Amino acid sequence: QVQLVESGGGLVQAGGSLRLSCTASGRTFSSYAMGWFRQAPGTERVYVASITWNAGNTYYADSVKGRFTISRDIAKNTEYLQMNSLKPEDTAVYYCASTRSVLTSLDLERAYDTWGQGTQVTVSS
């Protein structure tokens, strides 16, 4: 069974940067795409970005476009989320997710079959 483990969260001042990592472990990892979602206190989990595993095509929510960059290292079974120009409204628990097949749009939670445990990102003003 594949497990996803996030790392790299923390506390940063507004305008700063963080890089999140998500590494897949377990049986042979096979993915069509991976993504990042986030959930702020008292709100629903929302889409942040996604990347197709082989082609490396990237997609972003409008709220992070131009500030965040998603990437992956196939040899390390790891995806990254480089977050620049962070704002207090980016404060949330960030979750990585993976899917082995495309059944629906990658900006939907139900597109993914495996999730990480989440990592906290806090941006102070």
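Use the structure listed above.
Residues numbered from 1 in each chain as written. Predicted model: local features only at pLDDT ≥ 70, side-chain atom pairs only at ≥ 80, totals over all residues. Heavy atoms only, no water.

**Q** How would you explain the sheet that holds strand β3 (residues 18–25) if you had to name every residue and give the values?
**A** The antiparallel open sheet is built from four strands, whose spatial order is β1-β3-β8-β7. The sheet terminates laterally at β1 (3–7) and β7 (68–73), the two strands that pair on one side only. Neighbour to neighbour, the strand axes of the sheet diverge by 15 degrees on average, direction disregarded. In terms of strand pairing, β7 meets strand β8 (residues 78–83) through six bridges, oriented antiparallel. Note that in β8 the partner of Ile70 across the bridge is Leu81. (Pairing = 2+ DSSP bridges. Helix = DSSP H or I, 4+ residues; strand = E, 2+ residues; numbered from the N terminus. Axes fitted to C-alpha atoms, helices over the stretch in contact; angles between N-to-C directions.)

**Q** Kindly report on the side chain of Thr52, identifying the contributing residues and their values.
**A** Tracing the backbone through its elements, the reader meets Thr52 in strand β5 (residues 46–52). With a relative accessible area of 5%, Thr52 lands in the buried category. Separated by 2.9 Å, the side chain of Thr52 and the backbone nitrogen of Asn57 make a polar contact. Dropping the residues within four chain positions of it, Thr52 is found in contact with Tyr32, Ala33, Asn57, Tyr59, Arg72 and Leu106. (Buried < 20%, exposed > 50% of the residue type's maximum accessible area, 1.4 Å probe, protein only. Polar contact = N/O pair within 3.5 Å; in protein donor to acceptor, adjacent residues only side chain to side chain. Contact = heavy atoms within 4.5 Å.)

**Q** Account for the packing of aromatic side chains, with residues named and values stated.
**A** Scanning the model with the defined rule gives four aromatic pairs in all. Centroid distance Phe37 to Tyr47: 5.6 Å. Interplanar angle 75 degrees. Geometry classified as edge-to-face. One end of the pair, Phe37, is in strand β4 (residues 33–39); the other, Tyr47, is in strand β5, and 10 residues separate them in sequence. One exposure class covers both Phe37 and Tyr47, and it is buried. In textbook terms, an aromatic cluster arises when at least three aromatic residues are bridged by ring pairs, as seen for Phe37, Tyr47, Tyr112 and Trp115. Directly above the aromatic system of Tyr95 lies the positively charged group of Arg45, at a separation of 4.7 Å from the ring centroid. (Phe/Tyr/Trp six-rings, centres within 6.5 Å; stacked < 30°, edge-to-face > 60°. Lys NZ or Arg CZ within 6 Å of the ring centre and 35° of its normal.)

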